Amino acid sequence: MDKHDTVGIDCVAMCVNDIACAGGEPLFFLDYIACGKNYPEKIATIVKGVAEGCKMSDAALIGGETAEHPGLMPEDEYDLAGFAVGVVDQKDLITGENIKAGDVLIGIASSGVHSNGFSLVRKVFEMTTESLNTYYDELGTTLGEALIAPTRIYVKALRAVKEAGVTINGCSHITGGGFYENIPRMLPEGARAVVKKDSYEIPAIFKLLQKTGDIEEQMMYNTYNMGLGMVLAVKPEDVEKTMAAIEGAGEKAFVVGSVEAGEKGVT
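Residues numbered from 1 in each chain as written. Predicted model: local features only at pLDDT ≥ 70, side-chain atom pairs only at ≥ 80, totals over all residues. Heavy atoms only, no water.

J.: I'm lost on the packing of aromatic side chains in this one. Help?
T.: Evaluated as defined, the whole model comprises 3 aromatic pairs. Ring centres of Phe179 and Tyr221 lie 5.1 Å apart, and the angle between their planes is 70°; this geometry places the pair in the edge-to-face category. With Phe179 in helix α7 (residues 178–182) and Tyr221 in helix α9 (residues 217–221), this residue pair connects regions lying 42 residues apart in the sequence. Taking the relative accessible area as the measure of exposure, Phe179 reaches 4% and is therefore buried. Between Phe206 and Tyr224, the aromatic rings sit 5.9 Å apart at their centres with planes inclined by 50°, giving tilted as the arrangement. (Phe/Tyr/Trp six-rings, centres within 6.5 Å; stacked < 30°, edge-to-face > 60°. Helix = DSSP H or I, 4+ residues; strand = E, 2+ residues; numbered from the N terminus. Buried < 20%, exposed > 50% of the residue type's maximum accessible area, 1.4 Å probe, protein only.)

Laid out in C-alpha coordinates, this is it:
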(Lines give C-alpha, C1' and ligand atoms only; values in the text may rest on other atoms or scores of the structure.)
Protein backbone atom coordinates (compact mmCIF):
# COMPACT_ATOMS: atom_id res chain seq x y z
CA MET A 1 0.00 0.00 0.00
CA ASP A 2 3.11 2.17 0.15
CA LYS A 3 1.94 3.56 3.50
CA HIS A 4 4.78 3.75 5.98
CA ASP A 5 3.54 6.09 8.71
CA THR A 6 1.71 3.49 10.84
CA VAL A 7 4.09 0.51 10.92
CA GLY A 8 6.15 2.35 13.56
CA ILE A 9 3.09 2.41 15.85
CA ASP A 10 2.91 -1.38 15.50
CA CYS A 11 6.57 -1.73 16.41
CA VAL A 12 6.17 0.39 19.56
CA ALA A 13 2.88 -1.31 20.49
CA MET A 14 4.37 -4.79 20.45
CA CYS A 15 7.01 -3.67 22.95
CA VAL A 16 5.08 -1.37 25.29
CA ASN A 17 2.01 -3.63 25.49
CA ASP A 18 4.27 -6.40 26.81
CA ILE A 19 5.63 -4.02 29.45
CA ALA A 20 2.12 -2.89 30.45
CA CYS A 21 1.05 -6.54 30.54
CA ALA A 22 3.65 -7.18 33.26
CA GLY A 23 2.31 -4.24 35.30
CA GLY A 24 5.02 -1.80 34.19
CA GLU A 25 5.26 1.65 32.64
CA PRO A 26 7.37 2.12 29.49
CA LEU A 27 10.17 4.65 29.97
CA PHE A 28 11.93 4.81 26.62
CA PHE A 29 12.12 3.26 23.17
CA LEU A 30 14.90 2.87 20.59
CA ASP A 31 14.45 1.89 16.97
CA TYR A 32 16.62 0.36 14.27
CA ILE A 33 15.87 0.44 10.56
CA ALA A 34 17.81 -1.71 8.10
CA CYS A 35 17.15 -0.87 4.47
CA GLY A 36 18.45 -1.71 1.01
CA LYS A 37 18.60 1.97 0.12
CA ASN A 38 18.12 4.96 2.36
CA TYR A 39 15.29 7.11 1.00
CA PRO A 40 15.35 9.92 3.60
CA GLU A 41 11.68 10.89 3.19
CA LYS A 42 10.59 7.25 3.56
CA ILE A 43 12.73 6.80 6.69
CA ALA A 44 11.28 10.04 8.10
CA THR A 45 7.76 8.70 7.54
CA ILE A 46 8.58 5.41 9.31
CA VAL A 47 10.12 7.26 12.27
CA LYS A 48 7.08 9.54 12.42
CA GLY A 49 4.99 6.44 13.18
CA VAL A 50 7.47 5.32 15.83
CA ALA A 51 7.28 8.78 17.45
CA GLU A 52 3.48 8.63 17.35
CA GLY A 53 3.51 5.24 19.11
CA CYS A 54 5.85 6.63 21.75
CA LYS A 55 3.54 9.59 22.32
CA MET A 56 0.56 7.26 22.71
CA SER A 57 2.38 5.24 25.35
CA ASP A 58 4.15 8.10 27.18
CA ALA A 59 7.55 6.64 26.28
CA ALA A 60 10.53 8.73 25.19
CA LEU A 61 12.12 8.01 21.81
CA ILE A 62 15.73 8.55 22.84
CA GLY A 63 17.64 7.38 19.79
CA GLY A 64 17.85 5.00 16.91
CA GLU A 65 19.93 3.73 14.05
CA THR A 66 19.42 3.49 10.31
CA ALA A 67 21.66 1.05 8.46
CA GLU A 68 21.86 0.88 4.70
CA HIS A 69 22.63 -2.56 3.26
CA PRO A 70 22.96 -2.32 -0.52
CA GLY A 71 23.34 -5.75 -2.08
CA LEU A 72 22.07 -7.48 1.05
CA MET A 73 18.51 -6.19 0.92
CA PRO A 74 16.40 -5.10 -2.07
CA GLU A 75 16.35 -1.30 -2.45
CA ASP A 76 12.67 -0.89 -1.62
CA GLU A 77 12.65 -3.18 1.44
CA TYR A 78 13.35 -2.41 5.06
CA ASP A 79 13.30 -4.16 8.39
CA LEU A 80 12.13 -2.18 11.40
CA ALA A 81 13.00 -3.34 14.90
CA GLY A 82 12.85 -1.70 18.28
CA PHE A 83 12.84 -2.29 21.99
CA ALA A 84 11.52 -0.55 25.07
CA VAL A 85 12.61 -0.39 28.68
CA GLY A 86 9.99 -0.05 31.38
CA VAL A 87 9.83 0.15 35.15
CA VAL A 88 7.65 -1.57 37.73
CA ASP A 89 7.70 -1.88 41.51
CA GLN A 90 8.04 -5.51 42.49
CA LYS A 91 4.75 -5.36 44.42
CA ASP A 92 2.95 -4.22 41.23
CA LEU A 93 4.28 -7.01 38.96
CA ILE A 94 1.45 -8.92 37.27
CA THR A 95 2.61 -12.53 37.45
CA GLY A 96 -0.63 -14.50 37.31
CA GLU A 97 0.30 -16.44 40.45
CA ASN A 98 -2.77 -15.12 42.31
CA ILE A 99 -5.30 -16.15 39.66
CA LYS A 100 -8.04 -18.27 41.22
CA ALA A 101 -11.09 -20.16 40.02
CA GLY A 102 -13.94 -17.66 39.89
CA ASP A 103 -11.83 -14.80 38.54
CA VAL A 104 -13.47 -13.00 35.63
CA LEU A 105 -11.80 -12.57 32.23
CA ILE A 106 -12.09 -9.14 30.64
CA GLY A 107 -11.04 -8.61 27.02
CA ILE A 108 -9.97 -5.26 25.57
CA ALA A 109 -10.94 -4.75 21.94
CA SER A 110 -8.29 -4.91 19.22
CA SER A 111 -8.26 -2.73 16.12
CA GLY A 112 -7.97 -5.72 13.79
CA VAL A 113 -5.16 -8.11 12.88
CA HIS A 114 -2.56 -6.06 14.83
CA SER A 115 0.99 -7.33 14.12
CA ASN A 116 0.58 -11.08 13.82
CA GLY A 117 -0.58 -13.63 11.28
CA PHE A 118 0.37 -11.67 8.18
CA SER A 119 2.04 -14.65 6.47
CA LEU A 120 -1.40 -16.26 6.45
CA VAL A 121 -3.08 -12.98 5.44
CA ARG A 122 -0.78 -12.81 2.40
CA LYS A 123 -1.73 -16.38 1.45
CA VAL A 124 -5.47 -15.73 1.76
CA PHE A 125 -5.71 -12.41 -0.10
CA GLU A 126 -3.98 -11.33 -3.26
CA MET A 127 -1.37 -8.73 -2.40
CA THR A 128 -2.11 -6.44 -5.34
CA THR A 129 -3.05 -2.76 -5.30
CA GLU A 130 -6.39 -3.66 -6.83
CA SER A 131 -7.17 -6.30 -4.20
CA LEU A 132 -6.08 -4.09 -1.29
CA ASN A 133 -8.05 -1.10 -2.59
CA THR A 134 -11.26 -3.13 -2.84
CA TYR A 135 -13.98 -1.70 -0.59
CA TYR A 136 -15.95 -4.22 1.50
CA ASP A 137 -19.30 -3.20 2.99
CA GLU A 138 -18.83 -5.48 5.99
CA LEU A 139 -15.46 -3.88 6.78
CA GLY A 140 -16.63 -0.32 6.18
CA THR A 141 -13.20 0.32 4.61
CA THR A 142 -10.97 -1.12 1.92
CA LEU A 143 -9.26 -4.45 2.62
CA GLY A 144 -5.86 -2.71 2.83
CA GLU A 145 -7.05 -0.14 5.38
CA ALA A 146 -8.57 -2.86 7.56
CA LEU A 147 -5.37 -4.93 7.47
CA ILE A 148 -2.98 -2.06 8.09
CA ALA A 149 -4.88 -0.53 11.06
CA PRO A 150 -2.15 -0.11 13.68
CA THR A 151 -1.97 -2.26 16.80
CA ARG A 152 -3.79 -0.70 19.76
CA ILE A 153 -1.56 0.56 22.55
CA TYR A 154 -3.01 -0.43 25.93
CA VAL A 155 -0.59 1.38 28.27
CA LYS A 156 -3.08 4.08 29.31
CA ALA A 157 -5.97 1.63 29.73
CA LEU A 158 -3.95 -0.64 32.02
CA ARG A 159 -2.65 2.36 33.96
CA ALA A 160 -6.26 3.52 34.43
CA VAL A 161 -7.19 0.12 35.88
CA LYS A 162 -4.28 0.34 38.33
CA GLU A 163 -5.25 3.92 39.27
CA ALA A 164 -8.82 2.76 39.93
CA GLY A 165 -7.37 0.66 42.73
CA VAL A 166 -7.88 -2.70 41.01
CA THR A 167 -5.29 -5.45 41.36
CA ILE A 168 -5.01 -7.24 38.03
CA ASN A 169 -4.40 -10.91 38.83
CA GLY A 170 -3.27 -11.84 35.34
CA CYS A 171 -2.78 -10.22 31.95
CA SER A 172 -2.26 -11.67 28.48
CA HIS A 173 -1.19 -9.66 25.43
CA ILE A 174 -2.80 -11.59 22.55
CA THR A 175 -0.12 -11.70 19.86
CA GLY A 176 1.20 -14.52 17.63
CA GLY A 177 -0.33 -17.83 18.70
CA GLY A 178 -3.70 -16.25 19.45
CA PHE A 179 -5.78 -17.37 22.43
CA TYR A 180 -4.30 -20.87 22.69
CA GLU A 181 -0.69 -19.81 23.16
CA ASN A 182 -1.05 -16.48 24.97
CA ILE A 183 -3.83 -16.86 27.54
CA PRO A 184 -2.21 -19.90 29.28
CA ARG A 185 0.96 -17.85 29.82
CA MET A 186 -0.70 -15.93 32.64
CA LEU A 187 -2.24 -18.98 34.33
CA PRO A 188 -0.82 -20.84 37.33
CA GLU A 189 -1.04 -24.66 37.44
CA GLY A 190 -4.57 -25.86 38.20
CA ALA A 191 -6.31 -22.89 36.57
CA ARG A 192 -8.12 -23.03 33.23
CA ALA A 193 -9.44 -20.04 31.29
CA VAL A 194 -12.86 -20.46 29.70
CA VAL A 195 -13.62 -17.90 26.98
CA LYS A 196 -17.16 -17.54 25.67
CA LYS A 197 -16.89 -16.89 21.94
CA ASP A 198 -20.30 -15.22 21.73
CA SER A 199 -19.57 -12.73 24.55
CA TYR A 200 -18.48 -10.08 22.03
CA GLU A 201 -18.78 -9.39 18.31
CA ILE A 202 -15.86 -10.85 16.35
CA PRO A 203 -14.59 -8.10 14.00
CA ALA A 204 -15.54 -8.42 10.33
CA ILE A 205 -11.91 -8.70 9.15
CA PHE A 206 -11.52 -12.06 10.95
CA LYS A 207 -14.80 -13.39 9.54
CA LEU A 208 -13.69 -12.36 6.05
CA LEU A 209 -10.27 -14.00 6.53
CA GLN A 210 -11.81 -17.22 7.80
CA LYS A 211 -14.38 -17.39 4.99
CA THR A 212 -12.02 -16.41 2.14
CA GLY A 213 -9.21 -18.68 3.28
CA ASP A 214 -11.50 -21.51 4.40
CA ILE A 215 -9.56 -21.58 7.69
CA GLU A 216 -10.79 -23.81 10.49
CA GLU A 217 -11.88 -22.11 13.68
CA GLN A 218 -9.17 -23.64 15.90
CA MET A 219 -6.52 -22.26 13.52
CA MET A 220 -8.09 -18.78 13.64
CA TYR A 221 -7.98 -18.70 17.45
CA ASN A 222 -4.44 -20.08 17.38
CA THR A 223 -3.15 -17.39 15.00
CA TYR A 224 -5.15 -14.20 15.51
CA ASN A 225 -6.36 -12.04 18.39
CA MET A 226 -9.95 -12.47 17.10
CA GLY A 227 -10.88 -8.98 18.31
CA LEU A 228 -9.25 -9.02 21.77
CA GLY A 229 -5.81 -7.45 22.10
CA MET A 230 -5.50 -7.99 25.85
CA VAL A 231 -7.20 -10.35 28.26
CA LEU A 232 -7.18 -9.57 32.00
CA ALA A 233 -8.14 -11.72 34.97
CA VAL A 234 -9.70 -9.82 37.87
CA LYS A 235 -11.73 -10.64 40.98
CA PRO A 236 -15.51 -10.71 40.40
CA GLU A 237 -16.02 -7.68 42.67
CA ASP A 238 -13.58 -5.62 40.56
CA VAL A 239 -15.29 -6.18 37.20
CA GLU A 240 -17.33 -2.96 37.09
CA LYS A 241 -14.42 -0.78 38.21
CA THR A 242 -12.13 -2.43 35.65
CA MET A 243 -14.60 -2.00 32.78
CA ALA A 244 -15.21 1.64 33.70
CA ALA A 245 -11.45 2.38 33.88
CA ILE A 246 -10.75 0.76 30.49
CA GLU A 247 -13.64 2.58 28.82
CA GLY A 248 -12.66 5.83 30.51
CA ALA A 249 -9.25 5.45 28.83
CA GLY A 250 -10.96 5.25 25.43
CA GLU A 251 -10.88 1.49 24.87
CA LYS A 252 -13.74 -1.00 24.52
CA ALA A 253 -13.98 -3.82 27.06
CA PHE A 254 -16.04 -7.00 27.29
CA VAL A 255 -16.56 -9.63 29.98
CA VAL A 256 -15.45 -12.67 27.96
CA GLY A 257 -15.23 -15.55 30.39
CA SER A 258 -13.91 -16.85 33.66
CA VAL A 259 -11.25 -18.96 35.32
CA GLU A 260 -12.15 -22.46 36.44
CA ALA A 261 -10.26 -25.11 38.35
CA GLY A 262 -8.76 -27.61 35.92
CA GLU A 263 -5.81 -28.40 33.72
CA LYS A 264 -3.82 -25.26 32.87
CA GLY A 265 -4.93 -24.08 29.44
CA VAL A 266 -7.80 -22.41 27.62
CA THR A 267 -11.22 -23.61 26.45
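So, next bit.
J.: Please explain the packing of helix α1 (residues 7–21) against helix α2 (residues 40–56) as it appears in this structure.
T.: For any two helices packed against each other, one specifies the inter-axial angle together with the distance between the axes. For the pair α1 and α2, the least separation of the axes is 6 Å and the interaxial angle reads 40°. Taken together, α1 and α2 sit at an angle that is classed as oblique. Taken as a pair, α1 and α2 cross one another with a handedness that is right-handed. Residues Val7, Gly8, Ile9 and Val12 of α1 touch α2, and the partners they reach there are Ile46, Gly49, Val50, Glu52, Gly53, Cys54 and Met56. Tallied by class, residues from the contact of α1 with α2 come to 7 nonpolar, 3 polar and 1 charged. (Axes fitted to C-alpha atoms, helices over the stretch in contact; angles between N-to-C directions. Parallel < 35°, antiparallel > 145°, perpendicular 65-115°, else oblique. Left-handed = near helix turned anticlockwise from the far one by under 90°. Contact = heavy atoms within 4.5 Å. Nonpolar A, V, L, I, M, F, W, Y, C, P; charged D, E, K, R; others polar.)

J.: What am I meant to see in the environment of Leu158 here?
T.: Mapped onto the elements of the fold, Leu158 is located in helix α6 (residues 155–163). In sequence terms Leu158 and Asp198 are 40 residues apart; their C-alpha atoms lie 24 Å from each other. If near-sequence neighbours (up to four positions away) are discounted, Leu158 is found in contact with Ala20, Cys21, Ile108, Ile168, Cys171, Met230 and Leu232.

J.: Looking at this structure, how should I read the side chain of His114?
T.: Locating His114 in the fold gives a position in the loop between β4 (104–109) and α3 (118–124). In this structure the side chain of His114 is engaged in a polar contact, spanning 3.0 Å, whose partner is the backbone nitrogen of Ser111. A polar contact of 3.3 Å, which involves the side chain of His114, links it to the backbone nitrogen of Arg152. Ignoring sequence-local partners within four residues, the contact set of His114 consists of Asp10, Pro150, Thr151, Arg152, Tyr154, Asn225 and Gly229. (Polar contact = N/O pair within 3.5 Å; in protein donor to acceptor, adjacent residues only side chain to side chain.)

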